[in-house]
Amino acid sequence: MYEQKTKETDNDVIEFIENVENLKKRADAYRLLDIFKEATGYEAKMWGPSIIGFGTYHYVYKTGHEGNAPLTGFSPRKAKTSLYFAPGDSERDALLAMFGKHTSGKACVYINKVDDIDTSVLKELITQSVTFLQTQYPDNK
């Protein structure tokens, strides 16, 4: 049976950020922590060894695969900072067009630094992602 790799942990978020070697990435992580916390209203929790997540939802796929995931979050990686938003939200592209310098994948948006993006658009992306997931998975609180 499949076991989910990325799970919520009891690891300390501040301790994780303090261990980010690059000082600029560390400062950006603190800025993102404040922005995500303000936009979601949720406390930050560690998911796996390196993802800072906000809120949680339980998903069930048509295949029967199910698990828990953060509603949104970020991870200050060595190369770029990963921002996690809901996949499948058709409104995301319109906001990303105004977001600033980034690249994106299915669920992730990658930035070099917070100064490259419009933080007001980031707040909209966060709010939109949370709302989308809460609509898709209404049994979650």
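The structure under discussion appears in the preceding block.
Computed from a prediction, not measured in an experiment: that's the story for all the values here. (Residues numbered from 1 in each chain as written. Predicted model: local features only at pLDDT ≥ 70, side-chain atom pairs only at ≥ 80, totals over all residues. Heavy atoms only, no water.)

Alternating residues of strand β2 (residues 51-54) divide into Ile51 and Gly53 and Ile52 and Phe54, and every residue in both groups is buried. Sheet analysis places strand β1 (residues 44-47) next to β2, joined by 4 bridges and oriented antiparallel. Residue pairing across strands places alanine 44 opposite phenylalanine 54, the latter belonging to β2. Hairpin remark: β1 followed by β2, antiparallel, with 3 residues in the connecting loop; positive phi at glycine 48, about 65°. (Buried < 20%, exposed > 50% of the residue type's maximum accessible area, 1.4 Å probe, protein only. Helix = DSSP H or I, 4+ residues; strand = E, 2+ residues; numbered from the N terminus. Pairing = 2+ DSSP bridges.)

As for its placement among the helices and strands, asparagine 11 is situated in the segment before α1 (13-18). Considered as a pair, asparagine 11 and histidine 65 are 54 residues apart in the sequence and their alpha carbons are 26 Å apart. In contact with asparagine 11, not counting residues within four places along its chain, are Met46 and Gly48. (Contact = heavy atoms within 4.5 Å.)

Attention now goes to the nonpolar core. Counting 26 residues, the largest nonpolar core has Leu33, Phe36, Ile52, Phe74, Leu83, Phe99 and Leu122 as the members making the most contacts within it. Counting only elements with at least two residues in this core, the list comes to α1, α2 (23-40), β1, β2, α3 (92-96), β8 (108-111) and α4 (119-136). Of the residues forming this core, the biggest block, 5 residues, is contributed by α2. If we skip the residues at most four places from it in the chain, leucine 83 touches Leu32, Phe36, Gly73, Phe74, Phe99, Ala107, Cys108, Val109, Ile111 and Leu122. Formed by 8 residues, the second largest nonpolar core is a distinct cluster that contains Tyr57, Tyr59, Phe132 and Leu133. (Core = buried A, V, L, I, M, F, W, Y, C linked by side-chain atoms within 4.5 Å.)

It is worth spelling out the pattern of salt bridges at this point. On inspection of all chains with the given rule, the structure shows 6 salt bridges. When the shortest N-O distance is used, the salt bridge between aspartate 115 and arginine 31 registers 2.8 Å. With a gap of 84 residues between them, aspartate 115 in the loop between β8 and α4 and arginine 31 in helix α2 connect regions that are remote in the sequence. By relative accessible area, which is 35% here, arginine 31 ends up partly exposed. Each of the salt bridges in this network shares a partner with another, and the network as a whole consists of Lys24, Asp28, Arg31 and Asp115. (Salt bridge = Lys/Arg side-chain N within 4 Å of Asp/Glu carboxyl O.)

Our next topic: the pairing of strand β5 (residues 72-76). Of all 5 residues in β5, 5 are buried, a share of seventy percent or more. Neither face of β5 is left uncovered, since the one carrying Thr72, Phe74 and Pro76 and the one carrying Gly73 and Ser75 both have all their residues buried. The pairing of β2 with β5 spans 3 bridges and is classified as antiparallel. Considered in β5, the bridge of glycine 53 is made with glycine 73. Where β5 and strand β6 (residues 81-84) come together, 4 bridges link them in antiparallel fashion. In the strand pairing of β6, glycine 73 is matched with tyrosine 84. Where β5 folds back onto β6 in an antiparallel hairpin, the turn is made up of 4 residues.

Honestly, that's just the spatial picture; any functional story needs more than this.
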